[in-house]
Amino acid sequence: MSGSGTTAHDDPPLQTAVWRLRSRGCWVDAAALLEPHARHDAEAALHRAALLIERCLYTERGWTDAEDALRTAEALARDDEARGAAACERGQLGYAATLLGARDRADEARAAMGRAAALLAPGAPGRPLLDFRRGLIAQNLAHSAQSARAAFRRAHAGATAHGQTLLLSCTWRHLASLALREGELAEARHGFAESLRIREELGYLVGTAPALASLAEAEPEPEASRLRAEATRLFRLLDGVPTWLASQLAPPAAAV
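Visitor: What am I meant to see in the side chain of Ser 177 here?
Guide: If you trace the backbone, Ser 177 turns up in helix α9 (residues 165–181). Only 3.1 Å separates the side chain of Ser 177 from the side chain of Gln 139, close enough to count as a polar contact. Apart from residues no more than four positions distant in its own chain, Ser 177 is found in contact with Gln 139 and Phe 192.

And the structure:
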């Protein structure tokens, strides 16, 4: 942490409030709670930027706010770990913009992830998240399943070692998606089920509908329809967030 005295991360009630808002998709409100600390504290500034970048990925809105918050975090970073973490968020913002078609920032995303890899030590707490995000780029931008799987496995091992439970839900889900693509149904079902279990236990509501929909892809009927219906209910409860889930939950077109 930068500076001295009380910071956002010294305040458990604040962190609990931020988590509750984030878990329900209220990223702007969560970021507002951190804003007074983010003016002078590098860790709070990075946390605030990460929230607003996550909002972009889930809603396809708020790109300018995320960019402004990230620049503040980058300016406050004073050591390699903080700079590496900020570079990782820069890469994630570029990835999200490219994936969702807001703007092609793939080269920027790859370059930022490379900077983060150079700055973050192999055993640093931020390394598993970096590995996971490099896996996302390999999977969804480079379309290299082999590279994605290797990165996700590194992230999974690192998240386990550091006790990063929410990240584990993500690595389980993306490893399962690769398994499903290769026809490994039992492996896919197990990974998707673990991802859903973790998100439900954490109360990560905004991430539960995608986990339900993913598990439905690996389950037979009638369980698949039940899971998809529950995902649809949550999706509507959260006013259509994440936006990219809409096409996955859309009912099949009627036969002509």
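Visitor: How do you make sense of the pattern of salt bridges when you look at a structure like this?
Guide: Any two side chains of opposite charge can pair, so long as their charged atoms come close to each other. The tally for this structure, following the rule as stated, stands at 20 salt bridges. When the shortest N-O distance is used, the salt bridge between Arg 110 and Asp 107 registers 3.8 Å. One end of the pair, Arg 110, and the other, Asp 107, are both in helix α6 (residues 106–119), 3 residues apart, so they sit about a helical turn from each other. Of the residues examined, Arg 110 reaches a relative accessible area of 37% and is grouped as partly exposed. Among the salt bridges present, the one from Glu 217 reaches Arg 228, with a minimum N-O distance of 3.7 Å. Note that Glu 217 is positioned in helix α11 (residues 208–218) and Arg 228 in helix α12 (residues 223–237), a separation of 11 residues in sequence. One connected set of salt bridges, linked through shared partners, spans Glu 67, Arg 71, Glu 74, Arg 90, Arg 105 and Glu 108.

Visitor: Which parts of the structure should I look at to understand the packing of helix α5 (residues 80–99) against α6?
Guide: Each pair of packed helices can be described by the angle between their axes along with the distance between the axes. Where α5 contacts α6, the two axes come as close as 7 Å, and the packing angle between them is 160°. When the axis of α5 is compared with that of α6, the two are roughly antiparallel. Crossing angle aside, the handedness with which α5 passes α6 is left-handed. Contact residues: Asp 80, Arg 83, Gly 84, Ala 87, Cys 88, Arg 90, Gly 91, Gln 92, Gly 94, Tyr 95 and Thr 98 in α5; Ala 106, Glu 108, Ala 109, Ala 112, Met 113, Arg 115, Ala 116 and Leu 119 in α6. Considering only residue class, the contact of α5 with α6 consists of 9 nonpolar, 5 polar and 5 charged.

Visitor: Mind showing me how you'd approach the packing of aromatic side chains here?
Guide: How two aromatic rings sit relative to each other is given by the distance of their centres and the angle of their planes. Applying the stated criterion across every chain, the model contains 4 aromatic pairs. When the centroid spacing of 5.6 Å and the interplanar angle of 20° are considered together, the rings of Trp 19 and Tyr 204 count as stacked. In this pair, Trp 19 is assigned in helix α1 (residues 12–23) and Tyr 204 in the loop between α10 (185–202) and α11, connecting sequence segments 185 residues apart. Accessibility expressed as a relative area gives 2% for Tyr 204, which makes it buried. Geometrically, the ring pair formed by Trp 27 and Tyr 58 is tilted, given 5.4 Å between the ring centres and 45° between the ring planes.

Visitor: Could you clarify how one ought to interpret the packing of helix α8 (residues 145–162) against α9 in this entry?
Guide: Axis separation between α8 and α9 bottoms out at 9 Å; the angle between their running directions is 155°. The orientation of α8 with respect to α9, classified from their angle, is roughly antiparallel. Crossing of α8 against α9: the hand is left-handed. Contact with α8, carried on its side by Ala 145, Ala 148, Arg 149, Phe 152, Arg 153, Ala 155, His 156, Ala 159 and Thr 160, involves Leu 167, Leu 168, Thr 171, Trp 172, His 174, Leu 175 and Leu 178 of α9 and no other residues of that element. Among the residues forming the contact of α8 with α9, the class breakdown is 10 nonpolar, 4 polar and 2 charged.

Visitor: Can you walk me through α1 in this structure?
Guide: What sets the pattern is the α-helix's 3.6 residues per turn: residues three or four places apart point alike. Taking 1.5 Å as the rise per residue, α1 with 12 residues should run 16 Å; its terminal C-alpha atoms sit 16 Å apart, in good agreement. Turning to α1, its buried residues are Leu 14, Gln 15, Val 18 and Ser 23. Buried residues of α1 fall within an arc of 160° about the axis and therefore sit on the same side. Structural note: α1 exposes Pro 13 and Arg 20 on the side pointing more than 90 degrees away from its buried face. Next to the buried residues of α1 lie α2 (27–38) and α3 (42–59).

What counts and what doesn't
- Counting from 1, residues in each chain are numbered in the order their sequence is written.
- Given that the model is predicted, a residue must reach a pLDDT of at least 70 before its local features are reported, and side-chain atom pairs must reach 80 or more before they are shown or counted; all residues, however, enter totals for whole chains, interfaces and linings.
- Side-chain numbers here rest on the full set of heavy atoms in the structure, without hydrogens or water.
- Here a strand is any run of E in DSSP of at least two residues, a helix any run of H or I of at least four, and the numbering for each starts at the N terminus.
- Whenever a nitrogen or oxygen atom comes within 3.5 Å of another N or O atom, the pair is scored as a polar contact, on the condition that within protein one atom can donate a hydrogen and the other can accept it, and that pairs from neighbouring residues in sequence are kept only if both atoms are in side chains.
- Only heavy atoms enter the contact rule, under which two residues are in contact if any of them lie within 4.5 Å.
- Any carboxyl oxygen of Asp or Glu that lies within 4 Å of a side-chain nitrogen of Lys or Arg is treated as forming a salt bridge with it.
- Buried residues are those whose accessible area, probed at 1.4 Å on protein chains only, stays under 20% of the maximum for their type, while exposed residues exceed 50% and partly exposed ones sit between those limits.
- The convention used is that axes are lines fitted to C-alpha atoms, helices contributing only their stretch in contact, and that angles between N-to-C directions extend from 0 to 180 degrees.
- Every angle not falling under 35 degrees, over 145, or within 65 to 115 is termed oblique; those three ranges are roughly parallel, roughly antiparallel and roughly perpendicular.
- If you view the pair so one helix is near and one far, a crossing is left-handed when the near helix is turned anticlockwise from the far one by less than a right angle, and right-handed when it is turned clockwise.
- Only Asp, Glu, Lys and Arg are considered charged in this grouping, and only Ala, Val, Leu, Ile, Met, Phe, Trp, Tyr, Cys and Pro are considered nonpolar; every other residue, Gly among them, is considered polar.
- Working definition: a ring pair exists when centres of Phe, Tyr or Trp rings (six-membered ring for Trp) sit within 6.5 Å. Plane angles under 30 degrees give stacked, over 60 give edge-to-face, the rest tilted.
- In this scheme, a helix's expected span is set at 1.5 Å multiplied by one less than its residue total.
- Directions are taken from the helix axis to each C-beta atom, and the arc is the one they span.

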